[in-house]
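# Fold and geometry: a report
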Amino acid sequence: MSYTLIGKHEKDSRANRDGYVSAMLEMMETNKDLIHIDCDLMGCINTGKLLKAFPGQTFNAGIAEQNAMGVAAGMAATGLDVFIHSFGCFAARRMFDQAFLAAGYSKLPVHVIGSDPGVCAAFNGATHMPFEDCALYMSVPESVVIDSCDYAQTYALTKKLAKVPGLSYMRLIRKGFTTVYADGSDFEIGKGVTLRDGTDVTIIASGILVDEALKAEEQLAAKGVSARVIDMHTWKPLDAELILKAAKETGAIVTAENHQVSCGLGSAVSNVLTDQCLVPLERIGIQEQFGQVGPQDYLMEQYHLLAADIVAAAEKAIARKEK
Amino acid sequence: MNKQKLHDLRVFAAEIRLETLKIIGSRGFGHVGGSMSMADAMAVLYGDVMNIDPKNPRWEDRDWFVLSKGHGGPVMYATLGLKGYYPMESAYTLNQPGTDFPSHTDRRKTVGVDLTTGSLGQGMSEAVGAALGSKVKGRTNHVFVAVGDGECDEGEVWEAAQFAAHYKLDNLVCLVDNNKRQLDGAVADVMSHGKGIGAKFDAFGWHVIDVQDGNDVEQISDAIAEAYTVKGQPTCLILNTVKGKGATFAEPSGAHSSQPTKEQWDEAIAASEAQLAAIRAEQ
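What you are looking at is a predicted structure, and each value in this text was computed from that prediction instead of being measured. (Residues numbered from 1 in each chain as written. Chains lettered and ligands numbered in written order. Predicted model: local features only at pLDDT ≥ 70, side-chain atom pairs only at ≥ 80, totals over all residues. Heavy atoms only, no water.)

## Observations concerning the nonpolar core
In globular proteins that are soluble, nonpolar side chains generally tend to be buried together. Stated precisely, the cut-off is as follows: To qualify as a nonpolar core, a set must consist of buried Ala, Val, Leu, Ile, Met, Phe, Trp, Tyr and Cys residues joined through side-chain atoms within 4.5 Å. Exposure is judged per residue with a 1.4 Å probe applied to protein chains only, and the accessible area is read against the type maximum: over 50% gives exposed, under 20% gives buried, and values in between give partly exposed. Put simply, DSSP marks the helices as runs of H or I at least four residues long and the strands as runs of E at least two long, and each gets a number from the N terminus on. For every domain, the bounds stem from an assignment made automatically or drawn from a database. The contact rule is simple, with two residues in contact once any of their heavy atoms fall within 4.5 Å.
By size, the foremost hydrophobic cluster in this structure holds 80 residues, and its most contacted members are A:Ile37, A:Tyr137, B:Leu172, B:Phe201 and B:Trp206. Tallying contributions element by element places helix α4 (residues 65-77) of chain A first for this core, with 8 residues. When residues are assigned to domains, this core turns out to be shared by domain 1 (17-172) and domain 2 (193-322) of chain A, each giving three or more. Leaving out residues up to four positions away in the same chain, B:Trp206 has contacts with B:Met124, B:Ala161, B:Ala164, B:Ala165, B:Leu172, B:Cys174, B:Phe201, B:Gln233, B:Pro234, B:Thr235 and B:Cys236. Counting residues in each nonpolar core, the second largest holds 62 residues, with A:Val21, A:Ile45, A:Phe131 and A:Val164 among its members.

This is the structure:
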């Protein structure tokens, strides 16, 4: 694992989805067993490029997600390595029974890409806004669940997912978003990344909240508070070792996610702390609410997913430490 | 088909029926109805049509069979046991704690089971995936999938049907076990199928063969031979079967699952043994 942090809060000129597409194009060139299945959303995630370059390895299943997942599992059983994409809402809720049994329980290599997680669904609104997609996939025994934060990470983790022998799920924003890492950065599934060191509190974030966490660290530093920032791109298997180290060394934790806190990153971190090292924990994320329509920045404000919210949560967590 | 082959398949079907009863009888209850209706199709597939190697169950170039109506597990366990995938007796542990022979077919548990089923409709999609995957891999094998007529209530069956026709999967053969009963009663009463399941497959772009007696090994064999000549589209066999066929306590009622008394089991197994002996003696 070697990475270069940029973290200047500047938007990437490239669409995040192209991190996935670029990695797939490179892998399909040499790996003829690599398959991509889409559900009439190729135009949205730019996988038309895969269909054009590798028509024998790319299939459109139409607007029929349940069947698409069953087909993915059947293809995987013949010795193929299958990626399948839909919007996060359909990739989780609509095809879950098939994902659970045909792929997960059957121990077949099926890798699910759920695009536009949580508030990233923006103008598609409440019906398309999955705040529970990771929860569903985390409930499958032995699954891998990832919340990717930018182009470079999506690219690197797509390549890692291709080697996972069972069911995996990666959610990613489709459009251009803030650059966190430089191209060429590498990541390990199940290993969190400590982006900033600190001693007073640890912010554990993923996906679009990583950049907010970095901003929060800067705002806290200006107030004389030393915050550690961890990018926990893999929610499962969770890097419990890194969480416990942070809990012991900083004594307070804040989690930040674009997902229901009751069944996502915050709850997963809470499980680790409850079992092994109780410290104050504050959780930024969706608090038992449904989605709604609107611009992404408006929604981040509505659901309190901004750096200022993380700063407030960090101060609260620090105040709760035993004196 | 020559007379000897026909005789052998009828004997094999009778053996499958007897073993299916013994397997379910070992636990005392189970899905007798939809297992027994499939015995003749299983005999044709595993006794003649399919290119398989029981010593090498995951042989890459094998033909695949997916029991999408997964609750028919016992008829598959009987068939695979008779073919030598495992000692027959091991299947008599059906649904006992720790068994490798659960109610519904499971690729993780049972040698010779290609795909896991049990959530109805899924097996159809999985089989379609196996057929497409086989083509991607450049193989020339066939994939067979058995769905129930009740199972055809599931929307996923029809999503899979449209996908298979769109991708011209002529290496796929679907057998509909049209036994006209589902758990809550007659298919016609619980959820009817409009112009018929065959008409639906036809409308979805499949080649459809109506097998008038789906419990007749010769008619099933002829239909599969026809399916092998069809290019550019998948084939569907509508097997008009009798639910519980050959089980004395189940056939009259067409029950979906049964829990008969010890005496009824003894009577059914004795009748099945007599039936097997009679068929063997026919030659």
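There's plenty left to go through after this.
## So, the interface of chain B and chain A
Heads up, the rule is: Simply put, the buried area is the total loss of 1.4 Å probe accessible area from both parts when two parts are fitted together. The rule for a salt bridge is simple: a side-chain nitrogen of Lys or Arg has to be within 4 Å of a carboxyl oxygen of Asp or Glu. For the purposes of these results, a polar contact is taken to be a pair of N or O atoms within 3.5 Å, where, inside protein, one atom must be able to donate a hydrogen and its partner to accept one; residues adjacent in sequence count only when each atom of the pair is a side-chain atom.
Facing the 26 residues of chain B at the interface are 26 residues of chain A. At the boundary of chain B with chain A, total buried surface from both sides reaches about 2200 Å², with 58% on carbon and sulfur atoms. Among the residues chain B hides against chain A, the three largest losses belong to B:Arg108, B:Gln122 and B:Glu159. Together they make up 24% of the total. Across the contact surface, chain B and chain A share 1 salt bridge. Put simply, chain B and chain A have 12 residue pairs in polar contact (both at pLDDT 80 or more) between them.

## Looking at the sheet that holds strand β9 (residues 227-231) of chain A
All names here are of chain A. Rules: A pair of strands counts as paired when DSSP detects no fewer than two bridges linking them. Interaxial angles span 0 to 180 degrees and are taken between N-to-C directions of axes, which are lines fitted to C-alpha atoms, for helices over the stretch in contact.
Spatially, β7-β9-β8-β11-β12 is the arrangement adopted by the 5 strands of the open sheet, whose pairing is mixed. Both edges of this open sheet fall to β7 (193-196) and β12 (281-286), since each of them pairs with a single strand only. Averaged over all neighbouring strand pairs, the angle between strand axes comes to 25 degrees, with direction disregarded. Relative to β9, β7 runs antiparallel, the two being bridged by 3 bridges. Its bridge partner lying in β9, Val193 is registered against Asp231. Against the sheet, helix α10 (residues 240-250) touches β7, β8 (201-205), β9 and β11 (253-260), its axis set at about 175 degrees to β9.

## Some remarks on the packing of helix α1 (residues 3-27) of chain B against helix α3 (residues 39-49) of chain B
Residue and element names in this part refer to chain B. Worth spelling out the cut-off: Each angle is binned into one of four classes, with values under 35 degrees roughly parallel, values over 145 roughly antiparallel, values of 65 to 115 roughly perpendicular, and all other values oblique. Take the far helix as the reference: if the near one is turned anticlockwise from it by less than a right angle, the crossing is left-handed, and if turned clockwise, right-handed. Lys, Arg, Asp and Glu make up the charged group, whereas Ala, Val, Leu, Ile, Met, Phe, Trp, Tyr, Cys and Pro make up the nonpolar group; the residues left over, Gly among them, are polar.
Contact pair α1 / α3: the axes reach a minimum separation of 8 Å and the direction vectors enclose 125 degrees. Viewed along their axes, α1 and α3 adopt a mutual orientation that is oblique. Where α1 crosses over α3, the handedness of that crossing is right-handed. Residues Lys5, Leu9, Phe12, Ala13, Ile16 and Arg17 of α1 lie in contact with α3, whose contacting residues are Ala39, Asp40, Met42, Ala43, Val44, Tyr46, Gly47 and Asp48. Each residue belonging to the contact of α1 with α3 can be placed in one class, and the counts come to 9 nonpolar, 1 polar and 4 charged.

## Examining the pattern of salt bridges
Oppositely charged side chains can form a pair if their charged atoms are brought close together. All names here are of chain A. Counted by the stated rule, this structure contains 30 salt bridges over all chains. Here Glu218 ties to Arg196 by a salt bridge, and the two come within 3.3 Å at their closest N and O atoms. Of this pair, Glu218 sits in helix α9 (residues 209-222) while Arg196 sits in strand β7, placing them 22 residues apart in sequence. In this structure Arg196 comes out as buried when scored by relative accessible area, which is 19%. Counted as one network, the salt bridges with shared partners bring together Asp197, Arg228, Lys245 and Glu249.

## A few points about the packing of aromatic side chains
The condition that has to hold: Here a pair means two rings of Phe, Tyr or Trp (six-membered ring of Trp) with centres within 6.5 Å. Their orientation is stacked below 30 degrees between planes, edge-to-face above 60, and tilted elsewhere. Criterion for a charge above a ring: Lys NZ or Arg CZ within 6 Å of the ring centre, and within 35 degrees of the ring normal.
Summed over all chains, the structure comprises 18 aromatic pairs over all chains. With a centroid separation of 4.6 Å and 70 degrees between ring planes, the pair formed by A:Tyr181 and A:Phe187 is classed as edge-to-face. Each member of the pair, A:Tyr181 together with A:Phe187, is buried. Here the aromatic cluster, defined as three or more aromatic residues joined through ring pairs, consists of A:Phe96, A:Phe100, A:Tyr137 and A:Tyr169. Directly above the ring of B:Trp64 sits B:Arg62, whose terminal nitrogen or CZ lies 4.1 Å from the centroid. One residue, B:Arg108, lies across the ring of A:Tyr105, its end atom 4.5 Å from the ring centre.

## Focus: the domain arrangement of chain A
Quoted interface sizes are often the accessible area lost when the parts come together. All names here are of chain A. Assigned domains of chain A: these are domain 1 (17-172) and domain 2 (193-322). Inter-centroid distance (C-alpha atoms) of domain 1 to domain 2 is 27 Å. Counting residues at the interface gives 28 residues for domain 1 and 29 residues for domain 2. A combined buried area of about 2100 Å² lies between domain 1 and domain 2, and 62% of that area is made up of carbon and sulfur atoms.

## A closer look at α1(B)
This is how the line gets drawn: To estimate the expected span of a helix, count its residues, drop one, and scale the result by 1.5 Å.
Here α1(B) is 25 residues long and its end C-alpha atoms lie 37 Å apart, about the 36 Å a rise of 1.5 Å per residue gives. The positive-phi residue at the C-terminal boundary of α1(B) is B:Gly28, with phi of around 95 degrees.

## Let's talk about the environment of A:Gly176
Residues and elements named next belong to chain A. Positionally, Gly176 belongs in the loop between β6 (168-172) and β7. Distance in space between the C-alpha atoms of Gly176 and Asn16 is 5.3 Å, their sequence separation being 160 residues. Setting aside chain neighbours within four positions, we find Gly176 in contact with Lys11, Asp12, Arg14, Ala15 and Asn16.

## Describing the sheet that holds strand β6 (residues 207-211) of chain B
Residue and element names in this part refer to chain B. With parallel pairing, the 5 strands of this open sheet are ordered in space as β1-β2-β3-β7-β6. Strands with a single pairing partner mark the edges of an open sheet, and in this sheet they are β1 (64-67) and β6. Here the average twist between neighbouring strands, direction ignored, is 20 degrees. Bridge analysis of strand β2 (residues 143-148) against strand β3 (residues 172-178) gives 6 bridges, and the strand direction is parallel. What sits directly across from Ala146, in β3, is Leu175. Contacting β1, β2 and β3, helix α5 (residues 122-136) crosses the sheet at an angle of about 170 degrees to β2.

## So, the UniProt feature "domain: Transketolase-like pyrimidine-binding" (unreviewed entry) in chain A
Heads up, the rule is: UniProt positions are given in the numbering used here, feature names are shortened, and annotations may be inferred rather than shown by experiment.
When the UniProt feature table is mapped to this numbering, "domain: Transketolase-like pyrimidine-binding" (unreviewed entry) covers residues 14-180 of chain A. The distance separating the terminal C-alpha atoms of residues 14-180 of chain A is 13 Å; by composition the span is 43% helix and 18% strand.

## Remarks on the environment of B:Gly72
Inspection of the secondary structure assignment puts B:Gly72 in the loop between β1 and α4 (73-82). Discounting chain neighbours no more than four positions away, the residues touching B:Gly72 are B:Ser35 and B:Leu67.

## Section: the UniProt feature "domain: Transketolase N-terminal" (unreviewed entry) in chain B
Residues given the UniProt feature "domain: Transketolase N-terminal" (unreviewed entry) here are residues 13-259 of chain B. End C-alpha atoms of residues 13-259 of chain B are separated by 23 Å, and the span's content is 36% helix alongside 13% strand.

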